[in-house]
Amino acid sequence: MELPLIARTRPQSGVRKMMELAWGRADVVHLEVGEPGFDTPDHVVAAADKVARDGKTKYSPTPGLPELREAAAAKIRAVNGIDCQASQVLVTNGGANALFGVFGTVLGTGDSILLPNPGWSNFTMMTKAFGARPLYYDLKDGNDYLPDIDQLDALVDGSTRALLLNSPSNPLGTVMDRKQAEELFAFAEKHDLWIISDECYDQIDFSGRHVSIGSLEPSPERVISVFSFSKVYAMTGWRVGYAALPEQVVNPMLGLLQPSVMCVNTPAQYGALAALEGPQEYLASWREGYRRNRDLVLKRIAGSRYSAMSPDGGFYVWLNVSDFGETSEAFALRLLEQCNVAVTPGTAFGTNGEGYVRLSLATTNEQLELGLERLLQA
Ligand code: PLP
């Protein structure tokens, strides 16, 4: 039986490919993973455990538990400075599901969307899932890895519906400040584009400069902001994320969530509620740990054949390995084979990733030390 072209030509995630190779080996230092090494905090686990034992194991409303939507809206107002009511929040199966729903809502077949290169490979996968076309904008060394408005202007055509922004960025660790946000907002306004702002790493910002672009609008009509519990609260396997949406987008997006997921795991939503309502101090101490790991990497590679800019947020270092004269994939495979260190080849994030690998800071200090020692022998 023949499958339709759209299904046969769907790309796979380059990030997961490397993870699967590394999982099959012993004694590997895992610097390829995109998730915190910490366990989910106890009070979150206890809250989910309690509701499950109390029998709250049934379906919940598709938009999310009302109390979680309230708490998420309060967080979005307080932390992100976005004017947002609970009715504009949808709770989703991680940030990935929120983004998938948003892409499917604003993009039609034949439309195009501006995506970062390098950027998270799932953005391309989502675009293609809906029969839309990616238009890649460059994030390069020469431009401090920031979007160039002239290039964006040149890329836009009559089919372009949206601009995807990701700050703090995976894989770069760059953080968008107010001036850049204002320029990008003006650009989107000029071309009448949706702005999809992926802020799944919003509270992992060492610079204190991160600006949620949705906060620039008095009541957001153009900006859709996506957040997640995964990275910030060390809850990747719980699968809870949330989006702040202009009112007109809420029902059309529910039309995608209802048939695909029905609702998010009910006990996990109570866990997420506990994460928002409980203490927040440990977030700062985790952030400090990532920053220390960042500084350790930069110190250890100084004077070696590797180089890297200093990331302002997220938990990755975008390591330049071009001095080795191999493709980034060949380098990453050799590193795994010879030194038992797993990293992600830069090309898993787009063509501009050639010459780079992504190294994760979200591991213990000891593992990072060991990984760096092996890396320096490569
Ligand atoms: N956005 C970016 C840039 C990511 O790196 C990830 C995960 O790797 C996500 C969104 C989605 O994460 P989750 O679905 O676990 O919230």
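Reading the values: rules and limits
- Along each chain, numbering runs from 1 in the same order as the chain's sequence is written.
- Whole-chain, interface and lining totals are the exception, using all residues; otherwise, since this is a predicted model, local features are given only for residues with pLDDT of at least 70 and side-chain atom pairs are given and counted only at 80 or more.
- By convention in this description, side-chain values take in all heavy atoms of the structure and omit both hydrogens and water.
- UniProt positions are given in the numbering used here, feature names are shortened, and annotations may be inferred rather than shown by experiment.
- By convention a nonpolar core is built from buried Ala, Val, Leu, Ile, Met, Phe, Trp, Tyr and Cys residues, the set being connected through side-chain atoms within 4.5 Å.
- Here's how the labels work: a residue is buried when its accessible area is under 20% of the maximum for its type, exposed when over 50%, partly exposed in between, all with a 1.4 Å probe on protein chains only.
- Each domain's limits were defined by an automated method or a database of domain assignments.
- Only heavy atoms matter for contacts: two residues are in contact if any of them lie within 4.5 Å across the pair.
- By this definition, two strands are paired if DSSP reports at least two bridges between them.
- In DSSP terms, a helix is any run of H or I states spanning at least four residues, a strand is any run of E spanning at least two, and both are numbered starting from the N terminus.
- Here an angle of 0 to 180 degrees is reported between the N-to-C directions of two axes, which are lines fitted to C-alpha atoms, with helices fitted over the stretch in contact.
- By buried area we mean how much accessible surface two parts lose on assembly, using a 1.4 Å probe and totalling the loss over both.
- Salt bridge, as used here, is a side-chain nitrogen of Lys or Arg placed within 4 Å of a carboxyl oxygen of Asp or Glu.
- N or O atoms within 3.5 Å of each other form a polar contact, as long as, within protein, one can give a hydrogen and the other can take it, and as long as residues adjacent in sequence are counted only when both atoms are side-chain atoms.
- For this scheme, ten residues count as nonpolar: Ala, Val, Leu, Ile, Met, Phe, Trp, Tyr, Cys and Pro. Four count as charged, namely Asp, Glu, Lys and Arg, and the remainder, Gly too, count as polar.

- Going by the annotation in an unreviewed UniProt entry, the name recorded for the chain is Aminotransferase, with Pseudaminobacter soli given as the source organism.
- In its Cofactor (unreviewed entry) section, the UniProt record describing the chain reads: "pyridoxal 5'-phosphate".
- Quoted verbatim from the Sequence similarities (unreviewed entry) field of UniProt, the annotation for the chain is "Belongs to the class-I pyridoxal-phosphate-dependent aminotransferase family."

So, the nonpolar core
Next, step 1: One finds L68, F103, I196, F229, Y233, L245 and L319 to be the most contacted residues of the largest nonpolar core, which totals 92 residues.
Next, step 2: Two domains each put at least three residues into this core: domain 1 (5-40 + 281-375) and domain 2 (54-277).
Next, step 3: Ignoring sequence-local partners within four residues, the contact set of Y233 consists of T40, P41, Q203, A275, L276, Q280, Y282, L283 and W286.
Next, step 4: By size, the runner-up hydrophobic cluster in this structure holds 28 residues, among which are L135, L139, Y145 and F349.

Details of the sheet that holds strand β4 (residues 133-138)
Next, step 1: Read across the sheet, 7 strands follow the order β2-β8-β7-β6-β5-β3-β4 without closing on themselves; strand pairing throughout is mixed. The open sheet has two edge strands, β2 (89-92) and β4, and neither has a second partner. Across the sheet, the mean angle from the axis of one strand to that of its neighbour is 25 degrees, orientation sign disregarded.
Next, step 2: Sheet analysis places strand β6 (residues 194-198) next to strand β7 (residues 223-228), joined by 4 bridges and oriented parallel. Paired with S197 across the two strands is S225, which belongs to β7.
Next, step 3: Here helix α5 (residues 94-106) sits on the sheet in contact with β2, β3 (112-117), β5 (160-166), β6, β7 and β8 (241-244), set at roughly 160 degrees to β7.

A closer look at the domain arrangement of the chain
Next, step 1: For the chain, the assigned domains read domain 1 (5-40 + 281-375) and domain 2 (54-277).
Next, step 2: Here domain 1 and domain 2 have C-alpha centroids that lie 24 Å from each other.
Next, step 3: Between domain 1 and domain 2, the contact holds 35 residues from the first and 38 residues from the second.
Next, step 4: A per-residue breakdown of the area domain 1 buries against domain 2 is headed by D312, F349 and N352, which together make up 21% of the total.
Next, step 5: Between D312 and R209 there is a salt bridge; the shortest N-O distance is 2.5 Å.
Next, step 6: At the surface where domain 1 touches domain 2, the tally comes to 18 residue pairs in polar contact (both at pLDDT 80 or more).
Next, step 7: Contributions of two or more residues to the side of domain 1 that touches domain 2 are made by α2 (14-23), α11 (281-301), β9 (316-320) and β12 (356-360).
Next, step 8: The leading source of residues in the side of domain 1 that touches domain 2 is α11, at 7 residues.
Next, step 9: Of the residues in the side of domain 1 that touches domain 2, the class split is 17 nonpolar, 10 polar and 8 charged.

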